[in-house]
Every structure is written in C-alpha cells, then in structure tokens.
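Each chain is listed here by its residues.
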Amino acid sequence: MMDTTTGELVERRLEHGTGEAERFYAALAAPARVGIEATLATQWFEKMLTRYGHELWFGDAAEIRAAMVRKQKTDTRDARHILNLLMEDRFPRIWVPSAVERDVRHLVRHRHKLVRFRTSVMNQLQALAMGQGLCLGKKLWSTVGRQKLESLQLDPWANRRRRELLELLDQLDPAIEELDRAVIREAENRSAAVCLMQQAGVGPVTALAFVLTVGPVSRFANSKKLVSYLGLNPSEESSGGRQRLGAISKQGNTLLRSLLVEAAQTAARLDPELRRDYQRLKFRRGHSGVAKVAIARKLAVRLYWKLREAAQPNTAARMQGSPVTPVVGESLSSY
C-alpha cells in the first residue's frame, strides 16, 4: 500500500478468515483504490470494499503477468508489481459488468447447464432403449415412444436406472421451461438483445448472452478485436516469413462461444448468404465442424455491426473488421 499524501509504503499480510482484512479496510480514513487480478469468487470482497467507500479495480491477469520481468512468482512480488502498475498508471483495468448483469448471467448459465444435463439424461435413456432393440430416435420422446420405453422388460438395476432417469427428465423439463420464459423476458427488456434477435438463427438465449458478455460495444475498436475476445480467432505460430495458422484460440467466454456455434447451425439454414458460405466451407474443408466454427465467427461479426449501427445510426458503410475505412464514401457528388 502507498499513502498518496505522505508517499509512505506499507507492506502487510492480511488474513480474510479472521476478519483482519475487513478491519483494515474499515479503518482507512480516505477512500482507497484497490487493484487485484481478475479471478473468481471476489464478489464478497467487492461488496466489502463498496461498503467502506473504496474503489476496486480488476486487472487483466495475463497482461499483469506479461509486465512482470522476473520469473520468480510469489504473493509478495505480485502485490508489489500490482502496486507499481497502479502508481505508474499502467494497470490493465478491464470492464466489469454491473451486479444486475452478473446476476442475469447466472440465469443464462444455469439454463445452459440444465439443458446440457437434460441432454445427458436423454442420451442415457436412448442408450437403454437401443440396448433392448428399441431404436426410435427423436420419436422416443413422443407419447407413444415414452410408453414403449416404460414397457421394456429390464433387469432390476437397469429398471431402477430407467425409472430414476425418467423422474429426472420430468423434473428438468418444467424447470427449463420456466428459465426459458425468464430469459425471454430479460431479452425483451434490453433493446440491444432485441436488435440482435433480428438476425436469423439468433434467439433470446444467444442474444442475451452476447449482450451480457460483450457489454458496451464501444470497447472494441473493430470486429477483429471482438472475435479475438470471444476466442474465435485462429491461433498463430508464424516465424521466418512463414505464416502458420491453427485452430481457434478458445481464449474467451466458453458459454457464449458454444451458443454462437449452436446459433450458427440454425443461421446456416435460415440465412441464404450464410448457407452458401457454410456449404462452400464444408465442401472445401471436408468437415462440417470447421464450417460451423467459421460461420459462428461470421455471425459474431454480424452481431457486432448490428450493435455498432444501433449505437451510431446513419453511419457510412464499413468494411468487415474495420470501423474506420468506409466501403462507400459519405458523398458521391464528386463522381
């Protein structure tokens, strides 16, 4: 800690479990600026500092570490390094969503987890049915298919597994339906999400997750930076004048990236331009997975420009990935 009035440097180790840290921050006379690396499970710390009138800055952990010259890593060295970055005005502060936005994120994440859990339950039931020669595919979840599944003669433990999986499925369906309605309400209450839902293949879940994850679109100078933020950009190991591009970096929000890939599959069916791109990439690469990810990237760029145009209406047309280079000039009178 540095006292900005006297220039005094103080070094202490604070224990949170004993309440020592809270007593320390409560005793500070003037509002303090606290910098930490972005990490999980810090909401309680943020609330405590807010209660005592202090300001908390979250920093990009990768950039903080990259600014460290020495390779030795200890808590003391990290604390001194963060203090130096704050004092020298080089602290890589990142955007943090509001408390309300973070709570709505829990809604989207919880719904996504339950949907994946339901898919796992349904796959297990499909495997049980196929093991007994009942191969109905999606028809297994119809009324007739459910009756046939329940009427199968199984061994005792297999029978118990079927019964309990069906009970789980019956519990998950209404819970997910309730969360779906909540997601629709939250999306309809946000103009940015309503704007994104105009894109074919983008529903309330993807639109809401995109708005909550990206935040103010002005944070990104162009669509390339957004694609990199989402981890949909290719990894690169180029050297000696030779460019080597690999798979996507996956250095972004995993939930939003998976939702964009799912939305891309629907958009590739409903949007003529994306459908042509998907078919061309699938034919050229010989793999539908690569084509889906490529369409997800294109979809992310489209959503980015929808938000940019909504924030800055009546702007000149721009090239993909560059908001400063117009495709068509502001005036054609000289031509």
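Chains are numbered independently. Their residues run from 1 in the order of the written sequence. Restriction of local features to residues with pLDDT of at least 70 applies here, the model being predicted, together with a cutoff of 80 or more for giving and counting side-chain atom pairs; totals for whole chains, interfaces and linings are based on all residues. Hydrogens and water molecules were not included; the side-chain quantities draw on all heavy atoms of the structure.

With that settled, consider the overall build of the protein chain. Along the protein chain, the regular secondary structure elements total 13 helices and six strands. In this setup the radius of gyration rests on C-alpha atoms only. A globule is expected at 2.2 Å times the number of residues raised to 0.38. Taken over C-alpha atoms, the radius of gyration comes to 26 Å for the protein chain, far larger than the 20 Å a tight globule of 335 residues would show. Along the longest, intermediate and shortest principal axes, the C-alpha atoms of the protein chain span 80 × 75 × 50 Å. For the protein chain, buried positions account for 33% of its 335 residues. When contacts within the protein chain are restricted to residue pairs at least 6 apart in sequence, those whose partners lie at least 24 apart make up 51%. Total accessible area on the protein chain is roughly 21200 Å²; 51% of this is exposed by carbon and sulfur atoms. One way to put it: in the protein chain the 53 positive side-chain charges average out to a point 8 Å from where the 36 negative ones average out. Under the scheme used here, helices are H or I runs from DSSP no shorter than 4 residues and strands are E runs no shorter than 2 residues, and both carry numbers assigned from the N terminus. Buried, partly exposed and exposed residues are distinguished by accessible area as a fraction of the type maximum, computed with a 1.4 Å probe on protein chains only: under 20%, between the cut-offs, and over 50%, respectively. Should any heavy atoms of two residues lie within 4.5 Å, those residues are counted as being in contact. Throughout, the Shrake-Rupley method with a 1.4 Å probe supplies accessible areas, and for residues the shown protein chains are the sole cover considered. Under this rule, positive means Lys or Arg and negative means Asp or Glu; His and the chain ends count for nothing. In this description, the location of a charge corresponds to atom NZ of lysine, CZ of arginine, CG of aspartate or CD of glutamate.

Grouped together as the largest cluster of nonpolar side chains are 61 residues, with contacts concentrated most on Leu125, Phe210, Leu230 and Leu260. If you list the elements that add at least two residues to this core, you get helix H5 (99–131), helix H7 (156–188), helix H8 (191–196), helix H9 (204–214), helix H10 (223–229), helix H11 (254–270), helix H12 (272–285) and helix H13 (288–311). Not counting the four nearest positions on each side in its chain, Leu230 is found in contact with Phe210, Gly252, Asn253, Leu256, Arg257, Leu260 and Ala300. To form a nonpolar core, buried Ala, Val, Leu, Ile, Met, Phe, Trp, Tyr and Cys residues must be joined to one another through side-chain atoms within 4.5 Å. Within the second largest apolar cluster, 10 residues are counted, among which are Tyr25, Val34, Phe45 and Leu49.

Within H9, 10 of the 11 residues are buried, leaving the element largely enclosed by the surrounding structure. All buried positions along H9 are accounted for by Val205, Thr206, Ala207, Leu208, Ala209, Phe210, Val211, Leu212, Thr213 and Val214. Close packing links the buried residues of H9 with H5, H7, H8, H10, H11 and H13. In the stretch just after H9, Gly215 is the one whose phi turns positive, near 75°.

The next point concerns the pattern of salt bridges. When the charged atoms of two side chains lie near each other, side chains of opposite charge can form a pair. Within this document, salt bridges are pairs made up of a side-chain nitrogen of Lys or Arg and a carboxyl oxygen of Asp or Glu, the two lying within 4 Å of each other. Counted by the stated rule, this structure contains 17 salt bridges. When the shortest N-O distance is used, the salt bridge between Arg102 and Glu46 registers 2.9 Å. On the criterion of sequence distance, the pair formed by Arg102 in helix H5 and Glu46 in helix H2 (residues 43–51) is long-range, its members being 56 residues apart. Glu46 matches Arg102 in its accessibility class, with the two residues each being buried. Linking Glu273 and Arg302 is a salt bridge whose minimum nitrogen-to-oxygen distance equals 2.9 Å. In this pair, Glu273 sits in helix H12 while Arg302 sits in helix H13, placing the two residues 29 residues apart along the sequence. Among the charged side chains, a salt-bridge network with shared partners connects Arg146, Glu150 and Asp170.

Time to look at the packing of H5 against H11. Each axis is a line fitted through C-alpha atoms, taken for helices only over the stretch in contact, and angles between the N-to-C directions span 0 to 180 degrees. In contact at an axis separation of 11 Å, H5 and H11 are set at 60° when each is read in the N-to-C sense. Here H5 lies oblique to H11, going by the angle between them. Pair H5 / H11 crosses with left-handed handedness. For the pair H5 and H11, the contacting residues are Val108, Arg109 and His112 in the first and Leu255, Ser258, Leu259 and Glu262 in the second. Residue polarity is assigned by list, with Asp, Glu, Lys and Arg as charged and Ala, Val, Leu, Ile, Met, Phe, Trp, Tyr, Cys and Pro as nonpolar; anything else, Gly included, falls into the polar class. Grouping the amino acids of the contact of H5 with H11 by side-chain chemistry returns three nonpolar, two polar and two charged. Here the word oblique covers every angle except those under 35 degrees (roughly parallel), over 145 (roughly antiparallel) and from 65 to 115 (roughly perpendicular). The crossing is said to be left-handed when, going from far helix to near helix, the turn is anticlockwise and less than a right angle, and right-handed when the turn is clockwise.

All right, on to the layout of surface pockets then. The rule is simple: put a 1 Å grid over the protein atoms alone, call a set of points where a 1.4 Å probe fits but cannot get out a cavity, call an open set with protein on both sides within 12 Å along at least five of seven lines a pocket, and count a residue as lining if it has an atom within 4 Å of a point. Grid points are joined across faces, edges and corners, and a volume is the space filled by probe spheres set on the points. Its boundaries defined by the atoms lining it, the largest pocket holds a volume of some 1800 Å³. Forming the walls of the largest pocket are 40 residues, and the residues nearest its centre are Met1, Tyr25, Val34, Gly35 and Ala79. The residue inventory of the lining of the largest pocket, partitioned by class, reads 21 nonpolar, eight polar and 11 charged. Approximately 1300 Å³ is the volume attributed to the second largest pocket. Forming the walls of the second largest pocket are 27 residues, and the residues nearest its centre are Ala38, Ile94, Trp95, Arg105 and Tyr229. Contributing elements (two or more residues each) for the lining of the second largest pocket: helix H3 (61–66), H5 and H10. Per-element tally for the lining of the second largest pocket: the top contributor is H5, with four residues. Its residues assigned to classes, the lining of the second largest pocket comprises 12 nonpolar, nine polar and six charged.

This paragraph deals with the side chain of His81. For His81, the location among the structural elements is in helix H4 (residues 75–87). With relative accessibility at 10%, the residue His81 sits in the buried group. Think of a polar contact as two N or O atoms within 3.5 Å of one another; within protein, one of them needs to be a possible hydrogen donor and the other a possible acceptor, and neighboring residues in sequence only count if both atoms come from side chains. From its side chain, His81 meets the backbone oxygen of Ile64 in a polar contact 2.8 Å long. If we skip the residues at most four places from it in the chain, His81 touches Ile64, Ala67 and Met68.

The next subject is the confidence of the model for the protein chain. In the predicted model, the protein chain carries a mean pLDDT of 90, and 93% of its residues have values of at least 70. A score from 0 to 100, pLDDT tells how confident the predictor is in each residue. For the protein chain, per-element mean pLDDT is lowest for strand E6 (residues 322–326), which scores 49, and highest for H7, which scores 97. The model gives residues 323–335 a pLDDT under 50, and that stretch makes 18 contacts with residues more than four places away or in other chains.

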